[in-house]
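Structural description and commentary
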Amino acid sequence: MPELPEVETLRRGLEKDILNRQVVRAVVTKAKVLKEQTETAFQERIVGRRIERVDRRGKYLLIALIAERADVRSPSTPPSDIGQRVALGEPRILLCIHLKMRGQLLLQKADQPISPYHCVSLLLDDSMEVRFHDMWMWGEMRALTNEELAKVPGLAGMGAEPLDPAWDVRSLAPQLAKRSGPIKPTLMDQRVVAGVGNIYADEALFRAGIHPARPAASLTEGETNRLTQTIRAVLSEAVEGGGTASEEYVDVKGVAGRYTPWVYNRGGQPCVICATPLTRIRLGGRGTVFCSHCQAPEPTVHGGSCERRYR
DNA sequence: ATAGCGCCCTGGTGGC
DNA sequence: TGCCACCAGGGCGCTA
């Protein structure tokens, strides 16, 4: 499940190779990922444009496409509907991509074989293709104007970027104070902090010595401080490692991540700190793994019963 | 306003 | 061996 570190790794991989390239063709094999957008509208909005930037917001990947000057002044074929006319006249179109659970973005040569999970390809002017794959068909890829992008529900109310140097406990603490639900699902709420999903919520809570079922508002000042630090630490380490090692995630070159989780997906295995078998429960409908010894159900002054280090 | 749940979708797995 | 029920899960939208 691509979360912030995985999407950031994809962003860096794309940025290295596709900046200033022109999109010469867009092939859609599974229009479902375009959501409400038609295949034709999608193609008309992106073909002929150049890739200006590759950005990330939370788990969203945003690729800015800029029109050639001539394209802005006079679209070759006058579009029938007003929305389309406005879009073609836009200097900038944002390719808004969310990979959800199983989506993948790959940068491959145009002559490489197509996967059965292929949904969309963007052929670039250097014969490389940006390919969107999704086994579960949950992912989304849309070509939007700036105005439309601002209305995307998930993006509109999204919380702060945890790797932004300005993000600190003063951003997190007020969010937690007004929540009575368990801390784990609260951390995964994209309005509280952007980009944290199941993997890194489990990891950050383990490193902070906080039980995942603790009511968010019950965290002490010290615990919230620790959690702020461990969220940033675990995300940074995972970005450095090119994402989490898992069966479903690879970067744009098809390379697996190298970050190895301490608790995520390790239910029943020994805790890396105290060797207690890790506990697996369901929280907010999600699989959750924690150490019953290191992560006490009550507030703790230090890092739980175990000594731990974080940067 | 917020918490909880069903839904979307498909491959893999365990039970019979 | 074959079939099927069931599970995994991010985020949206509905309900209470």
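Residues numbered from 1 in each chain as written. Chains lettered and ligands numbered in written order. Predicted model: local features only at pLDDT ≥ 70, side-chain atom pairs only at ≥ 80, totals over all residues. Heavy atoms only, no water.

Here the focus is the sheet that holds strand 3 (residues 60–66). Pairing between the strands of a sheet is mediated by backbone hydrogen bonds and can be parallel or antiparallel. The four strands are arranged 2-3-4-8 in an open sheet whose pairing can be described as antiparallel. Taken across any chain shown, the strands that pair with only one partner, and hence form the sheet edges, are strand 2 (50–57) and strand 8 (140–144). Averaged over neighbouring strand pairs, the angle between their axes works out to 20° when direction is ignored. One ladder, built from seven bridges, connects strand 2 with strand 3; its direction is antiparallel. The residue of strand 3 that forms the bridge with Arg53 is Ala64. Docked against the sheet, helix 1 (residues 4–18) engages strand 2 and strand 3, running at close to 165° with respect to strand 2. (Pairing = 2+ DSSP bridges. Helix = DSSP H or I, 4+ residues; strand = E, 2+ residues; numbered from the N terminus. Axes fitted to C-alpha atoms, helices over the stretch in contact; angles between N-to-C directions. Contact = heavy atoms within 4.5 Å.)

This next bit is on the pattern of salt bridges. With the rule as written, the count across this model stands at 23 salt bridges. Where Asp55 meets Arg53, a salt bridge forms, and the shortest distance between an N and an O atom there is 3.0 Å. A relative accessible area of 26% means that Asp55 is categorised as partly exposed. The closest approach of N and O atoms between Asp189 and Arg191, which form a salt bridge, is 2.8 Å. (Salt bridge = Lys/Arg side-chain N within 4 Å of Asp/Glu carboxyl O. Buried < 20%, exposed > 50% of the residue type's maximum accessible area, 1.4 Å probe, protein only.)

Once that is clear, we can look at the packing of helix 9 (residues 198–208) against helix 10 (residues 221–240). Two quantities define a packed helix pair, namely the angle between the helix axes and the distance between the axes. Interaxial distance between helix 9 and helix 10 falls to 8 Å at its minimum, and their mutual angle equals 130°. Accordingly, the angle class assigned to the pair helix 9 and helix 10 is oblique. You can see that helix 9 and helix 10 cross each other, and the crossing is right-handed. Contacts from Tyr200, Glu203, Ala204, Leu205, Arg207 and Ala208 in helix 9 reach Arg226, Leu227, Thr230, Ile231, Ala233, Val234, Leu235, Glu237 and Ala238 in helix 10. Looking at side-chain class alone, the contact of helix 9 with helix 10 contains 10 nonpolar, one polar and four charged residues. (Parallel < 35°, antiparallel > 145°, perpendicular 65-115°, else oblique. Left-handed = near helix turned anticlockwise from the far one by under 90°. Nonpolar A, V, L, I, M, F, W, Y, C, P; charged D, E, K, R; others polar.)

A separate point is the nonpolar core. Grouped together as the largest cluster of nonpolar side chains are 33 residues, with contacts concentrated most on Phe42, Leu95 and Val120. If sequence neighbours within four positions are ignored, Phe42 has contacts with Ala26, Val28, Leu34, Gln37, Leu95, Val120, Leu122, Met141, Arg142 and Ala143. (Core = buried A, V, L, I, M, F, W, Y, C linked by side-chain atoms within 4.5 Å.)

We now examine the protein's contact with DNA strand B. Taken together, Lys32, Tyr117, Met135, Trp136, Trp138, Lys178, Arg179, Ser180 and Gly181 make up the full set of residues near DNA strand B. For DNA strand B, the fraction of protein-proximal atoms (within 4 Å) that sit in sugar or phosphate groups is 66%. The contact in question runs from a phosphate oxygen of DNA strand B to an N or O atom on the side chain of Lys32, over 3.4 Å. Measuring from a phosphate oxygen of DNA strand B, one finds a backbone N or O atom of Gly181 at 3.2 Å. (Near = heavy atom within 4 Å. Polar contact = N/O pair within 3.5 Å; in protein donor to acceptor, adjacent residues only side chain to side chain.)

As a general feature of sheets, a regular strand has side chains that alternate between the two faces. Taking burial as the measure, the seven residues of strand 4 (residues 92–98) include six buried ones, the bulk of the element. One ladder, built from seven bridges, connects strand 3 with strand 4; its direction is antiparallel. Across the sheet, residue Ala64 finds its bridge partner in strand 4, namely Leu94. In terms of strand pairing, strand 4 meets strand 8 through five bridges, oriented antiparallel. Bridge assignment links Ile97 to a residue of strand 8, and that residue is Met141.

Of all seven residues in strand 7 (residues 128–134), six are buried, a share of seventy percent or more. Bridge count between strand 5 (residues 103–109) and strand 7: seven bridges; the pairing is antiparallel. When the sheet's bridge partners are listed, Lys109 is paired in strand 7 with Met128. Inspection of the sheet shows strand 6 (residues 118–124) paired to strand 7 by five bridges, in the antiparallel sense. Paired with Leu122 across the strands is Val130, a residue of strand 7. Between strand 6 and strand 7, which pair antiparallel one after the other, the connecting turn spans three residues, and Ser127 there sits at a positive phi close to 70°.

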